[in-house]
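Observations on the model geometry
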Amino acid sequence: MDFNSLIEHPEVLLLVLAPLFFVCILAEWYLGDRRGRLPDNARYHLPEVVCNFTLAGLHQGADILTGLLIAKLYLWAFGWRLFDIQIGLGSFIALIIAQDFCYYWFHRASHRVRWMWAAHVAHHSSERMNFSTAFRQSLMYPLAGMWIFWLPLVLVGFDPNWVVFAVLLNLGLQFFVHTQAIKTLGPLEWVFNTPSHHRVHHGRNPQYIDKNYAGVLIIWDRLFGTYVKEEETVEYGITKPVNSFNPLVVTFSEWRDMFREAFAPGLSMKQRLALLFAPPAAAEAGEEVDDAGPEHKLVS
């Protein structure tokens, strides 16, 4: 497939990268499971790996269809953009940086708004960290509102196909930060998201919760005060474990709990809205809902 065909069909980008992903997975499996050079929580557990790959397939289908549909419907409905940006080297770099900036805010919102956390929690629910964890995604991102964060790029003037390509490229590059095989990357730690930074993000240690939202560039976390260095050994997972390798349970358990709590009898409208849209930890603590919040912490 040539590059022009790839841009016309950006949804196949991750398929193009798939052989590289599998080489990395095999190498990590060999180091951890065969040579014992990685921690136990880096090793591969077949039921979880099958769950992760199933979640990836469901996510990819929902994400691509929604991304293409929403962008094209937007252009059809409004028929205009601020600019008509032609892609060259400079504009492509600008798109990659702008998309990564948008991703930071999408990711931050996914931890600070319970409605969005209900989709994102699937990615954090594993208590292992290896390359297969990168595939642990949710088909519910479109319903949660992920596409809203990419629309500004279309409005500014980037072609929807290029926006989808940038989104998927960003996601593909994030695959490489889901590992314990790489400790640090020296000076690159100052600019780029790295395995060390992202291990922090997947930690349920109190000091690591809601930190290091970066996609590709860690500079956004440094700029907006959400950066934390990896120091204490990371405990992976969430404080409200799912305890299932069923991809449907992993996908929908938080949605089920959220709706059950928000539509319980006897709550005011303010309490219901807080249970749907307040930061997960605030809803749990009852800051906006008195004592009517969930029984367990929802933070990642």
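One structure accompanies this document, and this report is about it. (Residues numbered from 1 in each chain as written. Predicted model: local features only at pLDDT ≥ 70, side-chain atom pairs only at ≥ 80, totals over all residues. Heavy atoms only, no water.)

**Quick look at the nonpolar core**
Ranked by internal contacts, the top residues of the largest apolar core, which has 43 residues, are Leu95, Phe106, Trp115, Trp150, Val163, Phe175 and Trp255. Of the residues forming this core, the biggest block, seven residues, is contributed by helix α8 (residues 160–174). Within the second largest apolar cluster, eight residues are counted, among which are Trp117, Val121, Ala122 and Ile238. (Core = buried A, V, L, I, M, F, W, Y, C linked by side-chain atoms within 4.5 Å. Buried < 20%, exposed > 50% of the residue type's maximum accessible area, 1.4 Å probe, protein only. Helix = DSSP H or I, 4+ residues; strand = E, 2+ residues; numbered from the N terminus.)

**A word on the packing of aromatic side chains**
Scanning the entire structure with this criterion turns up 27 aromatic pairs. Ring plane angle 75 degrees and centroid distance 6.4 Å describe the contact between Phe101 and Trp105, whose orientation is recorded as edge-to-face. Of the two residues, Phe101 and Trp105 both sit in helix α4 (residues 89–112), four residues apart, roughly one turn of that helix. Judged by relative accessible area, Trp105 falls into the partly exposed class, the value being 30%. Both rings, one in Tyr104 and one in Trp105, keep their centres 5.0 Å apart while their planes meet at 90 degrees; by these two values the pair is edge-to-face. These aromatic residues form a ring-pair network of at least three members: Phe21, Phe22, Phe53, Phe131, Phe135, Phe175 and Phe176. Directly above the ring of Tyr227 sits Arg222, whose terminal nitrogen or CZ lies 4.1 Å from the centroid. (Phe/Tyr/Trp six-rings, centres within 6.5 Å; stacked < 30°, edge-to-face > 60°. Lys NZ or Arg CZ within 6 Å of the ring centre and 35° of its normal.)

**With respect to the pattern of salt bridges**
Within this structure, the stated rule accounts for 13 salt bridges. For the salt bridge of Asp210 with Arg112, the shortest nitrogen-to-oxygen distance reads 3.1 Å. Taken together, the positions of Asp210 in the loop between α9 (195–201) and α10 (219–224) and Arg112 in helix α4 put the pair 98 residues apart, joining distant regions of the chain. Take Asp210: its relative accessible area is 12%, and that puts it in the buried class. Between Arg114 and Glu261 there is a salt bridge whose closest N-O contact spans 2.8 Å. Here Arg114 is found in helix α5 (residues 114–124), whereas its partner Glu261 is found in helix α11 (residues 247–262), with 147 residues between them in sequence. By relative accessible area, which is 0% here, Arg114 ends up buried. Residue class for Glu261 comes out buried when judged on its relative accessible area of 14%. One salt-bridge network, in which partners are shared between bridges, spans Arg114, Lys240, Glu254, Arg256, Asp257, Arg260 and Glu261. (Salt bridge = Lys/Arg side-chain N within 4 Å of Asp/Glu carboxyl O.)

**Looking at the environment of Arg108**
Note on placement: Arg108 falls in helix α4. Excluding residues that lie within four positions of it along the chain, Arg108 makes contacts with Tyr213, Phe224 and Thr226. (Contact = heavy atoms within 4.5 Å.)

**Examining the packing of α4 against α8**
A packed helix pair is summarised by two numbers, namely the angle formed by the two axes and the spacing between the axes. Between α4 and α8, the least distance of the axes is 10 Å, while the angle of their chain directions is 65 degrees. Classified by the angle their axes make, α4 and α8 are roughly perpendicular. Judged by the twist between their axes, the crossing of α4 over α8 is right-handed. Taking contact as the criterion, the partners of Phe92, Leu95, Ile96, Gln99, Asp100 and Tyr103 in α4 are, on α8, Trp162, Val163, Phe165, Ala166, Val167, Leu169, Asn170 and Gln174. Looking at the contact of α4 with α8 residue by residue, the classes come out as 10 nonpolar, three polar and one charged. (Axes fitted to C-alpha atoms, helices over the stretch in contact; angles between N-to-C directions. Parallel < 35°, antiparallel > 145°, perpendicular 65-115°, else oblique. Left-handed = near helix turned anticlockwise from the far one by under 90°. Nonpolar A, V, L, I, M, F, W, Y, C, P; charged D, E, K, R; others polar.)

**What about a nonpolar patch on the surface?**
Where nonpolar side chains cluster on the molecular surface, the patch consists of Ile182, Leu185, Leu188, Trp190, Val191 and Phe192 and spans about 540 Å² of accessible area. Following the sequence through the fold, Leu188 ends up in the loop between α8 and α9. Residue Leu188 is classed as partly exposed on the basis of its relative accessible area, which comes to 44%. (Patch = residues over 30% accessible without salt bridge, like charges linked within 9 Å, V, L, I, M, F, W, Y side chains within 5 Å. Areas by Shrake-Rupley, 256 points an atom, 1.4 Å probe, with all protein chains shown as cover.)

**Thoughts on helix α2 (residues 13–34)**
Compared with an ideal rise of 1.5 Å per residue, which puts 22 residues at 32 Å, α2 spans 31 Å between its outermost C-alpha atoms and is within 8% of the ideal. Maximum bend of α2: about 40 degrees, positioned at Pro19. Looking at α2, one finds that the buried residues are Leu13, Leu14, Ala18, Phe21, Cys24, Ile25, Glu28 and Gly32. Looking at the residues trailing α2, positive phi occurs at Gly36, about 65 degrees. (Expected span 1.5 Å × (residues − 1). Bend = angle between axes of the 7 residues up to and from the residue.)

**Topic: unusual backbone geometry**
The phi dihedral of Asp210 is positive, around 60 degrees, even though this residue is not glycine. Backbone geometry places Asn243, a non-glycine residue, at a positive phi of 55 degrees. On the basis of relative accessibility, which here comes to 71%, the residue Asn243 falls in the exposed class.

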